[in-house]
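# Architecture at a glance
As a plain string of letters, each chain reads:
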Amino acid sequence: MVHMESPLGLLPQFPSWSLVCRGPSSLYSHNLGLHDQPAFLAGSNYLLPWDVTLGEKDYLVPVAPEVIKRAQAVGYIAKSCKKLQRSSKDLITVKIFIGIEYECIRGHRFMSSAPGKVLKASGNGMVKENASKITKGNMPLYLPCPCGKVVAQLMRVHIVTPKAPVHVTIDPKVRPAPNPCPIFVTANQKPIALSQSAYWVLRLPFVYATDRNCYASPPHLKKLK
C-alpha cells in the first residue's frame, strides 16, 4: 500500500481505497437522513452540515479594469458592471454535508459527530451538531461500537457537495498505529477534486500494510488503549 514514505510515483499492487459518486446531491435529505442505507444504528444515519464562507476570489471571475472602463461608455452595461463590483465585495456561504462512518464486524454502522463521539439524533430526527469538530481535528480510526464489546472501524466518508460553483477536494491520510507507523495515502499525487452538486462516498481500507508490517484492527477494546 502507498504511504508517505513510498517512492514518488509508486502504484499500489491492489486497490484499497474506493471513491464512488452515488448520484446527485438530491439523494440526501437532511430531514430523512440516510433512509435508503441499511444497518445504521437508530438516530445515527445523518450527515453533518458544514457552512463554509467564501470570499470573492473563491467564486467570482475577476473582471479586468479595462473591460469595466470600456463598459462605462454604455449606460446599461456600466450599471450592470457596478452591480458586479458591489457584489464582489460580499461573502457567500455554501453548505457541505459530511459523514464520518464507522462499522463493526457485526455490520452495525454509525456516524460520528466529534472525535470519539457517536452521532445521536433526537427522537424527532433533529441533529443539533454540525461538522466543525470533524473537519478541524483528526478522527480516531477505531471506536467502541455501541452494540457491545466489539471494535468499530472508520470505513467510509460521505460528502455531499453544494450546487454552488466551488471546488471541493479531499486528501485523506491515515496512521493506523503510533509512530513509527507510516501515514497511508491514496496513489493520487494531488488532492482529489469532487464534482459539484453530487453525493460522494470514500471507502477507506480495512487493513493497512507495508512490505514489512500489517496493521489490522484490534480484536478487543483493551488493545485500543
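Conventions and cut-offs
- Residue numbers restart at each chain and count upward from 1, following the sequence in its written direction.
- Per-residue local features of the predicted model are confined to residues with pLDDT of at least 70, and side-chain atom pairs are confined, for both listing and counting, to 80 or more; whole-chain, interface and lining totals are unaffected and use all residues.
- Remark: hydrogens and water are excluded; side-chain values derive from all non-hydrogen atoms of the structure.
- UniProt positions are given in the numbering used here, feature names are shortened, and annotations may be inferred rather than shown by experiment.
- Secondary structure follows DSSP: runs of H or I at least 4 residues long count as helices, runs of E at least 2 residues long count as strands, and numbering of each begins at the N terminus.
- Exposure is judged per residue with a 1.4 Å probe applied to protein chains only, and the accessible area is read against the type maximum: over 50% gives exposed, under 20% gives buried, and values in between give partly exposed.
- Contacts are assigned to residue pairs that have any heavy atoms within 4.5 Å of one another.
- Method for areas: the Shrake-Rupley scheme with a 1.4 Å probe, in which residue coverage is limited to the protein chains shown.
- The term salt bridge refers to a side-chain nitrogen of Lys or Arg lying within 4 Å of a carboxyl oxygen of Asp or Glu.
- In these notes, a set of buried Ala, Val, Leu, Ile, Met, Phe, Trp, Tyr and Cys residues joined through side-chain atoms within 4.5 Å is what counts as a nonpolar core.
- Computed over the protein atoms alone on a 1 Å grid, cavities are sets of points where a 1.4 Å probe fits but cannot get out and pockets are open sets with protein on both sides within 12 Å along at least five of seven lines; a residue lines them when it has an atom within 4 Å of a point.
- Grid points are joined across faces, edges and corners, and a volume is the space filled by probe spheres set on the points.
- Throughout, the ten residues Ala, Val, Leu, Ile, Met, Phe, Trp, Tyr, Cys and Pro are labelled nonpolar, Asp, Glu, Lys and Arg are labelled charged, and all others, Gly among them, are labelled polar.

In the annotation of an unreviewed UniProt entry, the entry for the protein reads Nonsense-mediated mRNA decay factor SMG8, and the organism field reads Panstrongylus lignarius. UniProt's Sequence similarities (unreviewed entry) comment on the protein is quoted here verbatim: "Belongs to the SMG8 family." Per its UniProt entry, the protein bears the Function (unreviewed entry) comment "Involved in nonsense-mediated decay (NMD) of mRNAs containing premature stop codons."

Before going further, it helps to spend a moment on the overall build of the protein. When helices and strands are tallied, the protein shows 4 helices and 14 strands. Residues classed as buried in the protein amount to 40% of the 225 residues present. Here the contacts in the protein between residues at least 6 apart in sequence split such that 74% fall between residues at least 24 apart. Accessible surface computed for the protein: about 13,900 Å², of which carbon and sulfur atoms make up 56%.

Another point: the environment of leucine 19. Along the chain, leucine 19 falls in strand S1 (residues 18–24). Assessed through its relative accessible area of 30%, leucine 19 is described here as partly exposed.

Here we take up the pattern of salt bridges. Taken as a whole and judged by the stated rule, the model has 7 salt bridges. In this structure, lysine 95 and aspartate 51 form a salt bridge, with 2.7 Å as the shortest nitrogen-oxygen distance. Here lysine 95, found in strand S3 (residues 92–104), pairs with aspartate 51, found in strand S2 (residues 48–54); they are 44 residues apart in sequence, far enough to count as distant. Overall, the relative accessible area of 38% leaves lysine 95 in the partly exposed class.

Soluble globular proteins tend to bury their nonpolar side chains together. Residues Tyr28, Leu47, Ile100, Tyr102, Leu154, Leu204 and Tyr208 are the most contacted members of the largest nonpolar core, which totals 52 residues. Of all the elements, S3 adds the most residues to this core, at 7 residues. What tyrosine 28 contacts, discounting residues up to four positions off in sequence, is Gly33, Leu34, Tyr46, Leu47, Phe97, Val160 and Tyr199.

This part covers unusual backbone geometry. The linkage connecting asparagine 179 with the following residue, proline 180, adopts the cis geometry, with an omega of 10°. Even without glycine at this site, alanine 39 takes up a positive phi of about 75°. Among the secondary structure elements, alanine 39 is positioned in the loop between S1 and S2. For alanine 39, a relative accessible area of 42% gives the class partly exposed.

This next bit is on the layout of surface pockets. Taken as a whole, the largest pocket holds about 1,000 Å³ of empty space. The wall of the largest pocket is formed by 34 residues, among which Asn138, Met139, Leu154, Lys173 and Val174 lie closest to the centre. Of all the secondary structure elements, the ones that give two or more residues to the lining of the largest pocket are S3, helix H4 (132–136), strand S7 (151–160), strand S8 (168–170) and strand S9 (173–174). Looking at the lining of the largest pocket residue by residue, the class counts come to 26 nonpolar, 4 polar and 4 charged. Counted as a void, the second largest pocket has a volume near 440 Å³. Along its surface, the second largest pocket is lined by 20 residues, and Met1, His3, Ala209, Thr210 and Asp211 are the ones closest to its centre.

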